[in-house]
Structure formats: structure tokens, C-alpha cells
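# Chains, contacts and geometry: an overview
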Amino acid sequence: SQELEQSPQSLIVQEGKNLTINCTSSKTLYGLYWYKQKYGEGLIFLMMLQKGGEEKSHEKITAKLDEKKQQSSLHITASQPSHAGIYLCGADNTGGNNRLAFGKGNQVVVIP
Amino acid sequence: GAVVSQHPSWVICKSGTSVKIECRSLDFQATTMFWYRQFPKQSLMLMATSNEGSKATYEQGVEKDKFLINHASLTLSTLTVTSAHPEDSSFYICSVRAADTQYFGPGTRLTVL
């Protein structure tokens, strides 16, 4: 089964600072999804990456998938308190049927 | 993206009773929905894939007789936890597959006393 490692497990940043979190897979990723979750709430879809080397941005968040399609990073520029939460990466398990396996998440705390 | 709702948002029940959780796709006709479970400080674990008009597909280790799934329409899937026990206490989240992306509901917190 797909094993996803997310690092760092948690991080605290000052408001306005940049941050990067990572998601590494033991297998080739057919599709890599980034979600954000507040504790006890549902997941908010951020971005999906499929092609090696692909990069997508939305507002201050940029996600990249490496050429080998085994690692993804998510970068937040000039972090705001609204960026605080748990970021989960999910990967398509079997190449197309959208059964997702998730990492344990990166907990992000932004200090005003 | 698709808008997904769940009902109830939280439920407390006695051990041995059954609990039904609803997942609704509000603006998208979903032939496929997914049910996940999340324990505190753990990630989401896929329990089953719900297919409209046919039987659900369960992940390895998930008891299909305990977690009954019904996907009778394109907008509604239900998960019934039968004979619930304290170890079934968890956060249950459903998602809808739309355009190769999954959109999640707000989740249901189940506490079994």
C-alpha cells in the first residue's frame, strides 16, 4: 500500500515568514493531493498534482511534484494566521480509481 | 468543486446501539463516494468506496457487516455503524469524487459510551 511520510510533523512560524512542508512517497505517485484541515473539521481541497515536475499556485500557496513523482512540497509565502491548520497529503493508491491514502499531516501554527 | 454535507455533525450513543451517518452531495451527482475514519492525531483511513446502485467495496480489515453502507441515490450515501462499541468512537468523514478530485464533508464525530 501507499506509504506517505510528511515532514516536519509540526512547525511554528512567525506571521509573515515563509514555510515549506514535504510529502514523500515510497512509491510513484499517480496523483498527489494537498488538503487543509482544521481540527475536528472536514478537509479543504487545495491542489492536485499529477505530472512530474508540475507546479501549481493558488494565492500564497505553491505546491510542486518532483520529476520522479515521489515527493511533493508545499510552500506558503508570507504566512498568515489563516494558514494555520493541518496539511494532509493524499495519494492515489492504484493509479486512477481515486482511492486515496493519506499521510499523518503537517501541523502548522502561525504566531501573530 | 462539489459541496458535501454530513448529518449529524456529532452523535453520542450507548454501546450496542446502531448509528446512521448521512453524506449528501449537494450540487453534484456522485456515482462514487468514499468513507474515511480518523482517530485523534492520526490520518484519514479509507474504510470503503460507496457505489451508487451497487455494493460498497470495503478496505482490508474493515468489517462490512459492522459498517453498513447504502448508496441508493446519486446524492446520498449512508454509513450505519451497527452494534457500536467504544472503540468505534472516531471522526467519520465522507467524500465525493468529482472530476478526479475528492471533496470532503465536514465530518461526523461519533462517541460511543
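Cut-offs and rules
Residues numbered from 1 in each chain as written. Chains lettered and ligands numbered in written order. Predicted model: local features only at pLDDT ≥ 70, side-chain atom pairs only at ≥ 80, totals over all residues. Heavy atoms only, no water. pLDDT = per-residue confidence, 0-100. Helix = DSSP H or I, 4+ residues; strand = E, 2+ residues; numbered from the N terminus. Contact = heavy atoms within 4.5 Å. Buried area = accessible area lost by both parts, 1.4 Å probe. Salt bridge = Lys/Arg side-chain N within 4 Å of Asp/Glu carboxyl O. Polar contact = N/O pair within 3.5 Å; in protein donor to acceptor, adjacent residues only side chain to side chain. Buried < 20%, exposed > 50% of the residue type's maximum accessible area, 1.4 Å probe, protein only. Disulfide = S-S within 2.5 Å.

### Considering the confidence of the model for chain A
For chain A, per-residue confidence averages 91 on the pLDDT scale, and 94% of positions sit at 70 or higher. Per-element mean pLDDT across chain A ranges from 90 in strand E10 (residues 100-102) of chain A up to 97 in strand E8 (residues 71-76) of chain A.

### Looking at the interface of chain A and chain B
Contact residues are listed per partner, giving 19 residues for chain A and 20 residues for chain B. Approximately 1600 Å² of surface area, both sides summed, lies buried where chain A meets chain B, with 50% of it carried by carbon and sulfur atoms. Counting across the chain A and chain B interface gives one salt bridge. The salt bridge partner of B:Glu59 is A:Arg99, with a shortest N-O separation of 2.7 Å. At the surface where chain A touches chain B, the tally comes to five residue pairs in polar contact (both at pLDDT 80 or more). Among the elements of the structure, strand E4 (32-37), strand E5 (43-49) and E10 of chain A are those that each provide at least two residues to the side of chain A that touches chain B.

### Here we look at the pattern of salt bridges
Working definition: two side chains of opposite charge can pair if their charged atoms are close together. Residue and element names in this part refer to chain B. One pass over the full model with this rule turns up five salt bridges over all chains. The salt bridge involving aspartate 88 is made with lysine 66; its shortest N-O contact spans 2.9 Å. Linking aspartate 88 in the loop between strand E8 (76-81) and strand E9 (90-98) with lysine 66 in the loop between strand E6 (57-58) and strand E7 (67-73), this pair joins segments that are 22 residues apart in sequence. The exposure class assigned to aspartate 88 is buried, which follows from its relative accessible area of 5%. Here lysine 66 falls in the buried class, since its relative accessible area comes to 12%.

### Points about the state of the cysteines
All names here are of chain A. Inspection of every chain in the model, using the stated rule, returns two disulfides over all chains. Disulfide partner of cysteine 23: cysteine 89, at an S-S distance of 2.0 Å. Between cysteine 23 and cysteine 89 the disulfide shows an S-S torsion of about 70°. By sign, it is right-handed. In this pair, cysteine 23 is assigned in strand E3 (residues 19-25) and cysteine 89 in strand E9 (residues 85-92), connecting sequence segments 66 residues apart. In this pair, the class of cysteine 23 matches that of cysteine 89, namely buried.

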